[in-house]
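# A look at the structure
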2 protein chains.
Amino acid sequence: VTGRQVGVVGLGLIGASLAGALRACGDTVRGFDVDESARRVALERGLVDRAGDDLEAAVAGADLVVLAVPVLTIVRLLPNVDRLAPDRAVIMDVGSVKRPVIQAMEALGSAPRAIGGHPIAGKSVSGPQAADRELFRDRTFALVPTSRTDARTAAYAESVVRDLGARPLLMDAGEHDRIVARTSHLPQLMSTALALSIAPEDGELAGPGLVDMTRLAASPPSMWVDILASNAENIVSALATCLGHLESLGQMAASGDGPGLERAMSTAGTMAAHLGRSETA
Amino acid sequence: VTGRQVGVVGLGLIGASLAGALRACGDTVRGFDVDESARRVALERGLVDRAGDDLEAAVAGADLVVLAVPVLTIVRLLPNVDRLAPDRAVIMDVGSVKRPVIQAMEALGSAPRAIGGHPIAGKSVSGPQAADRELFRDRTFALVPTSRTDARTAAYAESVVRDLGARPLLMDAGEHDRIVARTSHLPQLMSTALALSIAPEDGELAGPGLVDMTRLAASPPSMWVDILASNAENIVSALATCLGHLESLGQMAASGDGPGLERAMSTAGTMAAHLGRSETA
């Protein structure tokens, strides 16, 4: 089902990639961004048909509106989108935390046509200049219905996700937010803490492992502040688990407990190999 | 100065890569490994001229002996290499921790011709099947003289490092071990702890960031047990610093301290960008 009229609110890496992918499918895409240079890049790269800073123009006539701005901005814009979009429009977001978005969606007049989304995809560079129509190819795309989402909307969102080349995965907001606290938000904090632990003079002995481990720390802080604020409880719980493992590894190193270290590293290695395979699958 | 007779003790990723790189320079390389399949792979891939499980045969007639086995095995084998190698031979290692190796080298009869080494290079896969003659190209290669290393030996080791395509960096063992605790051993523990914090059902929401962050955790545990045991004091200190940052980030997330989080992430991002640049330089 292409030939949709799509409004994409936010032309960062994810929004512009999604716009470009849908446009390549035959959809007509209007982009919204408050940043003039983001609009210009998205237009120049052919990722959108039109771009502007007027929310009403972006969502007018839309069959589908996708919100691709930071989580708290999604929550703030939802009532406006609800008011401005046509009655038929499906409203979806791509934020990294789902509970606050789902709560806000449930309060909308258009709640039956609203559904949460979260593509498990990303890059270490941001903005529409880094956008890639293939960003979602073979990636999981979590779809999180609200208690009021109707079946037609869920099916519509699934078809959009498939058009992006991604694999839809229906899940509950609470489960989603608990899992991404471990798989995404915890790694972000670990990468940040590691980068903060490195001294400026250490750079000459930085190998590829350290570069891999600190890459996430270079992500835009503004996006992350929203994520951390919106999922603090789950993040604190994931962090506590991880701190426990770190302390235990430190104690084993300090006491020279070789067998304990080897056991822990073997268990971790099995999980790491499993994750590495899921990535390339 | 090529055309050297080189004995390489240990045909894992680093030893076999180094053997292949020196052989490509015109050196004649004899490899030693207790593992028959490692010897066979190194021979089949043309990384060594000969390979065997007799240490005496590997170091007999050598101008240069390189020990590329786990740190505690280096310490254990050094007296044998000292006894078996010709009087002219330079003895070098490539272990990831330098203080115990340097102490063992200082006790040798051949101490003036012994020098510690550590190439800042690696891969997430191990063994001679993953060896790469270009592994050291444009990488830092730390050279750590003992208190008894003579100037001729240091110059010889520098020329070997340049033949590998690497950048020699002379440093003190204590300084080396403090820095790699932060740049290598801490990231390894962080990656391990993160992998231990992931639940089996989380895999579907694993993105590229998590895969990057857990790649180190799949490294061979046996090598790491030696490293952690040999550098425990520095590692515990680096870990304490990092735990402090993690706890502080967790508190800021829990209390909704957006400006604090944004400041910490900006500082971390600057360091991460610096490390990323040093990598590609």
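Here, the structure is the one placed above.
Reading guide: rules and limits
Residues numbered from 1 in each chain as written. Chains lettered and ligands numbered in written order. Predicted model: local features only at pLDDT ≥ 70, side-chain atom pairs only at ≥ 80, totals over all residues. Heavy atoms only, no water. Helix = DSSP H or I, 4+ residues; strand = E, 2+ residues; numbered from the N terminus. Expected span 1.5 Å × (residues − 1). Buried < 20%, exposed > 50% of the residue type's maximum accessible area, 1.4 Å probe, protein only. Contact = heavy atoms within 4.5 Å. Least-squares fit on C-alpha atoms with pLDDT ≥ 70 in both. Core = buried A, V, L, I, M, F, W, Y, C linked by side-chain atoms within 4.5 Å. Pairing = 2+ DSSP bridges. Axes fitted to C-alpha atoms, helices over the stretch in contact; angles between N-to-C directions. Phe/Tyr/Trp six-rings, centres within 6.5 Å; stacked < 30°, edge-to-face > 60°. Right-handed = clockwise from strand over helix to strand, strands pointing away. Buried area = accessible area lost by both parts, 1.4 Å probe. Salt bridge = Lys/Arg side-chain N within 4 Å of Asp/Glu carboxyl O. Parallel < 35°, antiparallel > 145°, perpendicular 65-115°, else oblique.

This next bit is on helix α10 (residues 232–254) of chain B. All names here are of chain B. With 23 residues, α10 should reach 33 Å at 1.5 Å per residue; the first-to-last C-alpha distance of 32 Å fits that figure. Taken together, the buried positions of α10 are Ala232, Asn234, Ile235, Ala238, Leu239, Cys242, Leu243, Leu246, Leu249, Gly250, Met252 and Ala253. Following α10 by one or two positions, Gly256 has its phi on the positive side, about 65°.

Turning next to the environment of B:Ala268. The residue B:Ala268 is located in helix α11 (residues 258–280) in this model. Not counting the four nearest positions on each side in its chain, B:Ala268 is found in contact with A:Thr192, A:Ala195, A:Leu196 and A:Ala217.

Before going further, it helps to spend a moment on the relation of the copies chain B and chain A. What relates the pair of chain copies is a rotation about an axis plus a shift along that axis. With an RMSD of 0.0 Å, chain B superimposes on chain A once it is rotated by 180° and translated 0.0 Å along the axis. Both chain copies can therefore be described as sitting about a two-fold axis. A share of 100% of interface residues in chain B that are also interface residues in chain A marks the association as one of identical surfaces.

Moving on to the nonpolar core. Among the nonpolar cores identified, the biggest contains 130 residues, and A:Val9, A:Leu78, B:Val9 and B:Leu78 are the most heavily contacted of them. For B:Val9, the residues in contact, after removing those within four places along its chain, are B:Phe32, B:Leu55, B:Val59, B:Val65, B:Val66, B:Leu67, B:Ala68, B:Val69 and B:Leu77.

Moving on, we come to the sheet that holds strand β6 (residues 114–119) of chain A. All names here are of chain A. Read across the open sheet, the eight strands follow the order β3-β2-β1-β4-β5-β6-β7-β8; overall the sheet is mixed. On the outer flanks of this sheet lie β3 (50–52) and β8 (167–170), each paired with one strand and no other. Strand-to-strand twist of the sheet, defined as the mean angle between neighbouring strand axes without regard to direction, takes the value 25°. Pairing between strand β7 (residues 140–145) and β8: four bridges, direction parallel. Each residue of the ladder has a partner; that of Thr140, found in β8, is Arg167. Together, β4 (64–67), β5 (90–93), β6, β7 and β8 form the strand contacts of helix α6 (residues 151–163), whose direction differs from that of β8 by roughly 150°.

So, on to the packing of aromatic side chains. Under the definition given, this model contains two aromatic pairs over all chains. Between A:Phe136 and A:Phe141 the ring centres are 6.4 Å apart and the planes differ by 50°, which places this aromatic pair in the tilted class.

Attention shifts here to the pairing of β6(A). Remember that side chains alternate between the two faces of the sheet whenever the strand is regular. Residue and element names in this part refer to chain A. Most of β6 sits inside the fold, with six of its six residues counted as buried. The side-chain alternation of β6 yields two buried faces, one formed by Ala114, Gly116 and His118 and the other by Ile115, Gly117 and Pro119. By the bridge criterion, two bridges tie β5 to β6 in an arrangement that is parallel. Bridging from a neighbouring strand, Ile91 pairs with Ala114 of β6. Chirality of the crossover, the property in question, places the unit of β5, helix α5 (residues 99–106) and β6 among those that are right-handed.

What follows is about the side chain of B:His185. Topologically, B:His185 is positioned in helix α7 (residues 173–197). Each residue touching B:His185, except ones within four places of it in the same chain, is listed here: B:Ser96, B:Val97, B:Val180, B:Trp224, B:Ile227, B:Asn231 and B:Ile235.

Where interface size is given, it is often the accessible area lost as the parts come together that is meant. Chain B puts 79 residues into the contact, and the matching count from chain A is 79 residues. For the chain B and chain A pair, buried surface summed over both sides reaches about 7,200 Å², with 77% attributable to carbon and sulfur atoms. Contact with chain A buries surface across chain B, with B:Leu205, B:Met213 and B:Met265 losing the most and accounting together for 11% of the total. Across the chain B-chain A interface, the total number found is four salt bridges.

Another aspect to go through is the packing of helix α4 (residues 71–84) of chain B against helix α9 (residues 221–230) of chain B. Residues and elements named next belong to chain B. Relative orientation of the contacting elements α4 and α9 amounts to 80°, with a least axis distance of 7 Å. Put simply, α4 runs roughly perpendicular to α9. Residue-level inspection shows Val71, Leu72 and Thr73 of α4 in contact with α9, the latter providing Asp226, Ile227 and Ser230.

Turning our eyes to something else, we now look at the environment of B:Asp53. Residues and elements named next belong to chain B. Position of Asp53 relative to the elements: it lies in the loop between β3 (50–52) and α3 (55–59). When the C-alpha positions of Asp53 and Glu36 are compared, they lie 8.0 Å apart, and in sequence the two are 17 residues distant. In this structure Asp53 touches Phe32, Asp33, Val34 and Arg39, once residues within four positions along its chain are discounted.

Just distances and angles here, no functional claims.
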